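Remarks on the overall topology
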Amino acid sequence: MLFHSLTYALLLTVTLLLCALLKPTARWLVLLAASVLFYAAWRVEYLGLMFLTVSTCYVGALWIERLRSQGATGRRACVPLISVIALNLAVLFLFKYFGLFVQSWNQLSGTHWSDDLGLLLPIGISFYTFQAIGYVIDVQRGIVPAEKSLARMALFIAFFPQLVAGPIERAAHLLPALRGAIVFRWQNIRFGLWLILWGLFKKLVVADRLALLVDSVFADPNSASGGLLLLATYAFAFQIYCDFSGYSDMAVGSARLFGIELMQNFRLPYLARGLRDFWARWHISLSTWFRDYLYIPLGGNRAGRVYWFRNILLVFILSGFWHGAAWTYAIWGAIHGLAIVLELVFLQQLSGGGKPPSGIHKTDLETSHFRSNPAWRWLQRGLQVALTFHVVLLAWVFFRAASLNEALLILHRILTWTAVDNSGWPADFSRLEAAVSLVGLSWMFLVEALSDGRVGRWLGVRPRYKARGVVLFTLVLLVNFGIFTAAAQFVYFQF
């Protein structure tokens, strides 16, 4: 069930109406029923797989609390946590990564083991598995108490606005909201509808239109010129941003209709002034998950430089694998990890060999000349943004390409430049499509940049005609230029 479908609009409307008929303390039951229906609309048999995740985490968390009350320590106290994590990662491996590792083993050993178990990848499994594991770890750490209600635990894992593509929520944030009374307020309805509209605009006007160019060029890179491949790579960078952040906007907006606040998942990532800054702005719920549940437990930056840099590379390679069962995703993650390591080494040299500055803004070369000359300072920041964006762009080639050989072919053709010519231009992406894409991108950037990536702020702008103008113009663009004929799946649904 796609967010930009009439089916989802109907589900959301009916859920709101049914919640309005019940007492505020009982409305979470309607949300649970809607969440089950939302996932069952894809494949009803995989509800059992999700229930396995829910039940193991529910039992594991209660087991952890019981052992804690008995004063258990050491290995015995860690048995429930390790068991739950191992079981859920095993399920994730079986459905998502088994084929990749069998294929790789066959290539290395010359064997011919079958890599096809006949299993379809459950939609959103990476998202809800990580959310569930994070909950159990938080119970182990004493951050949250174990949830005593199995049904409410199921709602925490399966809450339909963020079920299949995040944000990956923390138990300390979402569970209290689900335990409390769900109360309707006009400001929440207003905010939620605006975010849903904004997400639909980014998805249907910008992302799906850029996909016409991207999909056509990447489907046959052998026939595309270097210039066209470079243009398609730029287009993919904005397609995936508008697609994924558009989904996140709609998820946050849908939840806000019920008075539930989800975390912000994006904040102007392409204006980042370094790769660390980029990951503080892109897919924030995933980057903070890896930071809190993997990077810091590995030692973070508390060990020596070698182990510190090893931790960074390991986290980003695993982050790449999280996205998909292909070595191209691992390379995508490795590029980001290596770029961050080089960034840190460079900053260490600037600081005289010690630890690099911790704040984002301290990454500037803060000489007296730059402090006294705003023009030079802005030029420097612009160069930082441009360099960061193009490192991200390089990594996107491996993320989007169908194979490693195809990614290398694309990079080779881009580097051995040939200009774009009309003969190779995709027939589906006309000059009108290109013009609409530019208008949509310009409006998207203007609205988000002026609100520092928090578009909900526009509703509070005074005088009110400015806020109404932003909403009305977005609606006009959506109605006139949105691609409604084919409901394209969100890119991150496959992860």
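Residues numbered from 1 in each chain as written. Predicted model: local features only at pLDDT ≥ 70, side-chain atom pairs only at ≥ 80, totals over all residues. Heavy atoms only, no water.

**Some details on the overall build of the protein**
Heads up, the condition is: Numbering of helices and strands runs from the N terminus; a helix is a DSSP stretch of H or I covering at least four residues, while a strand is a stretch of E covering at least two. The globule rule used for comparison is 2.2 Å times the number of residues to the exponent 0.38, while the radius of gyration itself is calculated over C-alpha atoms. Buried residues are those whose accessible area, probed at 1.4 Å on protein chains only, stays under 20% of the maximum for their type, while exposed residues exceed 50% and partly exposed ones sit between those limits. Whether two residues are in contact is decided by their heavy atoms, any of which lying within 4.5 Å being enough.
Each helix and strand counted, the protein has 18 helices and zero strands in total. For 495 residues, the compact-globule estimate of 2.2 N^0.38 gives 23 Å, and the protein sits close to it at 24 Å. On the principal axes, the C-alpha backbone points of the protein span a range of 65 × 60 × 55 Å. Here the protein, with 495 residues, has 52% of them falling under the buried criterion. When contacts within the protein are restricted to residue pairs at least 6 apart in sequence, long-range pairs at least 24 apart make up 75% of them.

**Remarks on the environment of I85**
Take I85: it is sitting in helix α4 (residues 74-109). Counting along the chain gives 47 residues from I85 to A132, while the straight-line C-alpha distance between them is 9.1 Å. Discounting chain neighbours no more than four positions away, the residues touching I85 are I133 and I137.

**A closer look at the packing of aromatic side chains**
To keep it simple, the criterion reads: What counts as a ring pair is set by centres within 6.5 Å for rings of Phe, Tyr and Trp (its six-membered ring), and what kind of pair is set by the plane angle: stacked under 30 degrees, edge-to-face over 60, tilted for all other angles.
Taken as a whole and assessed by the stated rule, the structure comprises 51 aromatic pairs. Aromatic side chains Y46 and F95 sit 5.7 Å apart centroid to centroid with 90° between the ring planes, which places their arrangement in the edge-to-face category. Taken together, the residues Y46 in the loop between α2 (27-40) and α3 (47-69) and F95 in helix α4 connect sequence positions 49 residues apart. One exposure class covers both Y46 and F95, and it is buried. Judged by centre distance (5.9 Å) and plane angle (70°), the ring pair of W279 and W332 falls under edge-to-face. Here W279 is found in helix α10 (residues 275-279), whereas its partner W332 is found in helix α13 (residues 327-350), with 53 residues between them in sequence.

**With respect to helix α12 (residues 305-323)**
Short version of the rule: Multiply 1.5 Å by the residue count of a helix minus one, and that product is the helix's expected span.
Its 19 residues give α12 an end-to-end C-alpha distance of 28 Å, which sits within 8% of 27 Å, the value for a rise of 1.5 Å per residue. Within the sequence span of α12, burial applies to W308, F309, N311, I312, V315, F316, S319, G320, F321, W322 and H323. Buried residues belonging to α12 abut α4, α5 (125-141), α10, α11 (284-295), α13 and α15 (374-400).

**Section: helix α17 (residues 431-450)**
The criterion, for reference: As used here, the arc is the angular range of directions from the helix axis to the C-beta atoms.
Taking 1.5 Å per residue as the helical rise, α17 with its 20 residues ought to reach 28 Å, and the 29 Å between its terminal C-alpha atoms agrees with that figure. Taken together, the buried positions of α17 are occupied by E433, V436, S437, G440, L441, W443, M444, V447 and E448. Axial view of α17: buried residues confined to an arc of 170°, hence all on one face. Of the exposed residues in α17, the ones pointing more than 90 degrees away from its buried face are R431, L438 and L450. Against the buried residues of α17 lie α8 (186-219), α9 (226-257) and α18 (464-481). Immediately beyond the C-terminal end of α17, within one or two residues, lies D452, with a positive phi of roughly 55°.

**Structural notes on a nonpolar patch on the surface**
Note the cut-off: Within this analysis, patches are made of residues with over 30% relative accessible area and no salt bridge. Like charges are joined at 9 Å or less; nonpolar side chains (Val, Leu, Ile, Met, Phe, Trp, Tyr) at 5 Å or less. Using a 1.4 Å probe, the Shrake-Rupley method yields the accessible areas, and only the shown protein chains count as cover for residues. A pair is scored as a salt bridge if a Lys or Arg side-chain nitrogen falls within 4 Å of a carboxyl oxygen belonging to Asp or Glu.
Together, L472, F473, L475, V476 and V479 make up an exposed nonpolar region whose accessible area comes to about 430 Å². Looking at where V479 falls in the secondary structure, it is placed in helix α18. With relative accessibility at 55%, the residue V479 sits in the exposed group.

**What about the confidence of the model for the protein?**
A low pLDDT score tells you not to read the predicted coordinates there in detail. Put simply, the rule reads: The quantity called pLDDT is the predictor's confidence in a given residue, expressed from 0 to 100.
Summarising the model, the protein shows a mean pLDDT of 89, and 93% of its residues fall at 70 or more. Counting interchain partners and residues more than four positions distant, the pLDDT-below-50 stretch residues 358-368 has 16 contacts.

**Comments concerning the state of the cysteines**
Just so we agree on the cut-off: The disulfide definition used here is simple: a pair of cysteine sulfur atoms within 2.5 Å.
What the rule picks out here adds up to zero disulfides. As a non-bridged cysteine, C78 has C57 as the owner of its nearest cysteine sulfur, 16 Å distant.

**With respect to the side chain of K202**
To keep it simple, the criterion reads: We call two N or O atoms a polar contact when they sit within 3.5 Å, provided that within protein one can donate a hydrogen and the other can accept it, with sequence-adjacent residues counted only if both atoms are side-chain atoms.
Summarising the element assignment, K202 is placed in helix α8. A polar side-chain atom of K202 sits 2.8 Å from a polar atom in the side chain of D249.

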